[in-house]
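Here is how the chains run, residue by residue.
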Amino acid sequence: MKALHIKLWRDLQRLRAQVLTIALVVAIGVAGFVSMFSVHQSLQDSRDAFYRDNRLADVFAGVKRAPVHLRDRLVALPGVAEVKLDVVFDAQIDLPGVLPPVTGRFVGVDLVRVHAGRQGINALTLQRGRWPERTGALEALVSDRFAVARGLHPGDTVHAILNGKRERIHLVGTAASPEYVFASQGGAPDDQSFGIWWIDGTRMSQAFDMQGAFNQLALRLDAGVAVAPVLVQVDRLLEPYGGIGAVGRDRQLSAKIVEDELSQLQVMGTVLPAIFLAVAMFILNVVLSRQVATQRSQIAALKALGYSDSAIAWHYIQLAITIAGLGALVGLGLSVLIGRGMLGLYDEVFRFNDLAYATASWLVVLSALIAALAAALGTWTAIRAVVRLKPAQAMQAPAPPSYRATLIERMGLARYVSTGALMVVRNFERRPLRAAFTVTGIAMAVALQISGAFWLDAIAHIVDVQFRQMQQGDVLVNFHRPVPVGVVNDLKRLPGVINAEPYRTEPVRVRVHGNSEDTALMGLRSDAQLMRLVDEQRGPVGMPAQGVVLSALLAQALQARVGDRIALEFRLWNQVHTEVTVVDVVHTMFGKQLYMNLDAMNRLARDGDGVADAALLVDPLAMDAFWRAVKAAPAIGSVFDKAGSMAAFNATTSRSMGVFSGILTLFAVAMAVGIIYNAARISLSERAWELASLRVLGMTRAEVSVLLLGELGAELLVALPVGAAAGWGLASLMMHLMSSDSIDFPVVIEPSTYASAALIVLAAGVASALLVRRKIDQLDLVAVLKVRE
């Protein structure tokens, strides 16, 4: 074994505590990088396989009612390979043993093609049970996620109001569809309150008076065909029948939610591990620069014995790479545990046919290379100056720093400061870069803790704005078809109803400055209280009597500003084309929508004063009687129970975000311990002679400890506000990277989150200080003083 190899082994043994803490930080960075990217890749591969095997369509479109003979014209469009026409309606469902009704989306299925194995595009995968049969009973499949959430099994029976008629439905199986990986009525997915039901297409058309017609279509395109021209032609064909805008797969609701989730996971897998690896490189730089400084005489001896600069440099780089390699090995093992745990959470959300965790070999190699490169880079910057010294020069102790009176002393305040505190201030002022490095590292630990915990604050804010400020009613109901506004007064006669307010939502196309968007226009009463327009920053916004209000996301997409005249096209009913003035822009966090006074909207639409939606305020003590009355109301097509949806949303997000936040908290603690402990141990090794001398001169162990740990405590206190600011910046960066054209995530960090992050890092600092304090107490005064020339 070469002499340098023996020295390497001895250095690793002597520095084992620092080696372990640095390796732990590297391990966390590697584990986060590998696990998150592996989960992302596993989900992406499973999604792509699911879409491919089940033949997810390329184009989707909705229409009020169109004749099935349009199929021939759709098939004849250039680039169209396959057409599927469906009848789809939402309906109220009465589940056994469940008092509040839920909403189901009923989809007609061609059972002849299903039993023949020729489903075509958007094919279903049978998860449990069997396919429906054309018998006297109305048989159905239900989406597997809804069945699991509600505890439904093949053989169960439910009741649904289909077009005003109560029907008995026999559940014969569960299924998964590429079109409904996420089932949603337009908001956040909610498997407790909303599910997909597939029944015989013939019975579906009869129930909703849609014989010879369809209201939803899907197209598969030939390979390589551009989607945009097909969308234009489909819109042109469907426009006379009330088409509401064709979209590509990238804007289909379920597919877009899946893609947004994967994009957000990729952001987290890039930003957070990069921080850990940067901190590991920083610690290695500090540790080895100070290590090299204490080994100047050894380096000089090696040079005198004939070792080249490159051989000595490679020795220290080997030390760093060994530490990084140990961290990479631990990180790869840890990544499997983290990745499988995260994938287990996603498996409850993504119902793909096959979801298995796998780590690509290139990812393992890349993570190892990144860790080694970070270690080598951090080491080289630390040793390049020392290894270039001549042997005689390296034999000499480094030139002492240039000392001068500190700012406190120059101001004449030194007499008010204790000797120990003055020594701490001197070390700060005379080695500002060293202190800055330590403060930066601790601050990043604080920032990381904040970036993991603030998600719960952001979600709480979203829930408050969406469910409490905007939707102040308890229940939202939708009618099968528009009804006179006076019908809403009938809702007030239902048991427990305190107030009822109508509102209206219609699909529209808006154009301005050469830009266009297919979106929804919501009409609200000027005195609305139960369904209000709320700006995330300004609070409730009054609905103006004239003009239209744009959401900030829509205004950004259209490049529209207050005062612009925009073209508005109603897609249903009379299909009126008109122009309106933008009177306000509101920040609503979700969706690209327009808002207008309900009376003004009805005048522009020229189709009467009918509404299809209402918000209700219900006495909590009368909820049971209210739900029974709603189930007996055939005109009500679907129901939204705010309390149930909030509970389901909080349960889902609290679990996933709680796990994520907990992992990041552990990571932040490990980072803080690694930085603080290494800084203290290095300071101890550098100042051992000084501290031992002070002990010999009569200072107690506690007084000596204050000199070393007081400096560390001061750095810790300075790092806390810096870390709080960095945490806000990191959270803002992540929200910016994870936002999309339909979601604008808010950056909301509560004071309690800042406080908890500070306390956690402080606790890690105290634990590290106690470990170092033991080393100070165990100083061998004679041995330490002997090593000084």
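Scroll up to find the structure.
Here is a short report on the structure shown in this document. Keep in mind it's a predicted model, so treat the numbers as computed, not measured.

Broken down by element type, the protein carries 23 helices and 22 strands. In terms of overall dimensions, the protein has C-alpha extents of about 100 × 60 × 55 Å along its principal axes. Counting all 789 residues of the protein, 52% fall into the buried class. Carbon together with sulfur atoms contributes 59% to the accessible area of the protein, which is approximately 34000 Å² in total. Of note, the protein has its 74 positive side-chain charges centred 9 Å away from the centre of its 67 negative side-chain charges.

This part is about the packing of aromatic side chains. Following the criterion strictly, the structure yields seven aromatic pairs and no others. For the pair Phe146 and Trp197, a centre-to-centre distance of 6.1 Å together with 65 degrees between the ring planes defines the contact as edge-to-face. Here Phe146, found in helix α5 (residues 144-150), pairs with Trp197, found in strand β9 (residues 194-200); they are 51 residues apart in sequence, far enough to count as distant. Judged on exposure class, the residue Phe146 and its partner Trp197 are both buried. Ring geometry for Phe626 against Trp627: centres 5.1 Å apart, planes inclined by 55 degrees, an arrangement best described as tilted. Comparing Phe626 with Trp627, the two get one shared label, buried.

A few words on the packing of helix α2 (residues 16-53) against helix α10 (residues 309-347). Between α2 and α10, the shortest axis-to-axis distance is 6 Å and the interhelical angle comes to 40 degrees. One way to sum up the angle between α2 and α10 is to call them oblique. The interaxial crossing formed by α2 with α10 has right-handed handedness.

Glancing now at the side chain of Ser451. One can find Ser451 in helix α15 (residues 432-470). A polar side-chain atom of Ser451 sits 2.8 Å from the main-chain carbonyl oxygen of Leu448.

Compared with an ideal rise of 1.5 Å per residue, which puts twelve residues at 16 Å, helix α7 (residues 227-238) spans 17 Å between its outermost C-alpha atoms and is within 8% of the ideal. Where α7 is concerned, the buried positions are Val230, Leu231, Val234, Asp235, Leu237 and Leu238. Down the axis, α7 shows its buried residues gathered within 160 degrees of arc, on one side only. Among the exposed residues of α7, those pointing more than 90 degrees away from its buried face are Ala228 and Arg236.

Turning our attention to the nonpolar core. Counting 88 residues, the largest nonpolar core has Leu43 and Trp455 as its most contacted members. Of all the secondary-structure elements, those providing two or more residues to this core are α2, α8 (253-294), α10, α15, α20 (642-696), α21 (701-738) and α22 (751-777). Not counting residues up to four positions away in its chain, the partners in contact with Trp455 are Met268, Met657, Phe660, Met734, Met735 and Met738. Of all hydrophobic cores here, the second largest spans 23 residues; its members include Leu95, Phe146, Val158 and Ile169.

Structurally, the position occupied by Met738 is in helix α21. Met738 sits in the buried class, given a relative accessible area of 6%. Spatially, the C-alpha atoms of Met738 and Leu262 are 9.9 Å apart, while their sequence positions differ by 476 residues. The residues contacting Met738, other than those within four sequence positions of it, are Gln264, Val267, Met268, Trp455 and Phe745.

Turning our attention to the pattern of salt bridges. Under the criterion given, the structure shown has 26 salt bridges. The salt bridge involving Glu517 is made with Arg251; its shortest N-O contact spans 3.4 Å. Placement of Glu517 in strand β14 (residues 515-524) and of Arg251 in the loop between β11 (247-248) and α8 is noted, with a sequence separation of 266 residues between them. Here Glu517 falls in the buried class, since its relative accessible area comes to 12%. The class of Arg251 is partly exposed, set by a relative accessible area of 40%.

On to the pairing of strand β2 (residues 80-86), then. Burial analysis of β2 places five of its seven residues in the buried class, the great majority of the element. Two strands pair when backbone bridges link them, and β2 and strand β10 (residues 213-221) are joined in this way by six bridges, in the antiparallel orientation. Paired with Glu82 across the bridge in β10 is Arg220.

Taken together, the side chains of Leu20, Leu326 and Val330 make up a nonpolar region of the molecular surface, amounting to roughly 260 Å² of accessible area. With respect to the helices, strands and loops of the structure, Leu20 is situated in helix α2. Judged by relative accessible area, which is 57%, Leu20 ranks as exposed.

Among the 16 residues in strand β13 (residues 497-512), twelve count as buried, and that is most of the element. Sheet analysis places β13 next to strand β21 (residues 611-618), joined by six bridges and oriented antiparallel. Paired with Tyr503 across the bridge in β21 is Asp613. As paired elements, β13 and β14 share nine bridges and run antiparallel to each other. Within the sheet, the bridge partner assigned to Thr505 lies in β14 and is Met522. Pairing of β13 with strand β18 (residues 565-570) involves four bridges; the strand directions are antiparallel. Paired with Val508 across the bridge in β18 is Phe570.

Turning our eyes to something else, we now look at unusual backbone geometry. The phi angle at Arg55 is positive, at roughly 55 degrees, despite the residue not being glycine. Along the chain, Arg55 falls in the loop between α2 and β1 (59-67). A relative accessible area of 31% means that Arg55 is categorised as partly exposed.

Here we come to the packing of helix α1 (residues 3-14) against α10. Contact geometry for α1 and α10: axes closest at 10 Å, N-to-C directions at 40 degrees. Of the possible angle classes, the one that applies to α1 and α10 is oblique. Considering the relative orientation of α1 and α10, their crossing is right-handed. Contacts between α1 and α10 involve Leu4, His5, Lys7, Leu8, Asp11 and Leu12 from the former and Ala311, His315, Tyr316, Gln318, Leu319, Thr322 and Ile323 from the latter. The residue inventory of the contact of α1 with α10, partitioned by class, reads seven nonpolar, four polar and two charged.

Looking now at the sheet that holds β2. In spatial order, the strands read β2-β10-β1-β11; together these four strands make up an open sheet with antiparallel pairing. Two strands in the sheet have a free side with no partner beyond their single neighbour: β2 and β11. Of the strand pairs in this sheet, β1 and β11 are connected by two bridges, and their pairing is antiparallel. Bridged to Val59 within β11 is Gly248.

So, how was this worked out
- Residues numbered from 1 in each chain as written.
- Predicted model: local features only at pLDDT ≥ 70, side-chain atom pairs only at ≥ 80, totals over all residues.
- Heavy atoms only, no water.
- Helix = DSSP H or I, 4+ residues; strand = E, 2+ residues; numbered from the N terminus.
- Buried < 20%, exposed > 50% of the residue type's maximum accessible area, 1.4 Å probe, protein only.
- Areas by Shrake-Rupley, 256 points an atom, 1.4 Å probe, with all protein chains shown as cover.
- Lys, Arg positive; Asp, Glu negative; His and termini not counted.
- Charge placed at Lys NZ, Arg CZ, Asp CG, Glu CD.
- Phe/Tyr/Trp six-rings, centres within 6.5 Å; stacked < 30°, edge-to-face > 60°.
- Axes fitted to C-alpha atoms, helices over the stretch in contact; angles between N-to-C directions.
- Parallel < 35°, antiparallel > 145°, perpendicular 65-115°, else oblique.
- Left-handed = near helix turned anticlockwise from the far one by under 90°.
- Polar contact = N/O pair within 3.5 Å; in protein donor to acceptor, adjacent residues only side chain to side chain.
- Expected span 1.5 Å × (residues − 1).
- Arc of directions from axis to C-beta.
- Core = buried A, V, L, I, M, F, W, Y, C linked by side-chain atoms within 4.5 Å.
- Contact = heavy atoms within 4.5 Å.
- Salt bridge = Lys/Arg side-chain N within 4 Å of Asp/Glu carboxyl O.
- Pairing = 2+ DSSP bridges.
- Patch = residues over 30% accessible without salt bridge, like charges linked within 9 Å, V, L, I, M, F, W, Y side chains within 5 Å.
- Nonpolar A, V, L, I, M, F, W, Y, C, P; charged D, E, K, R; others polar.

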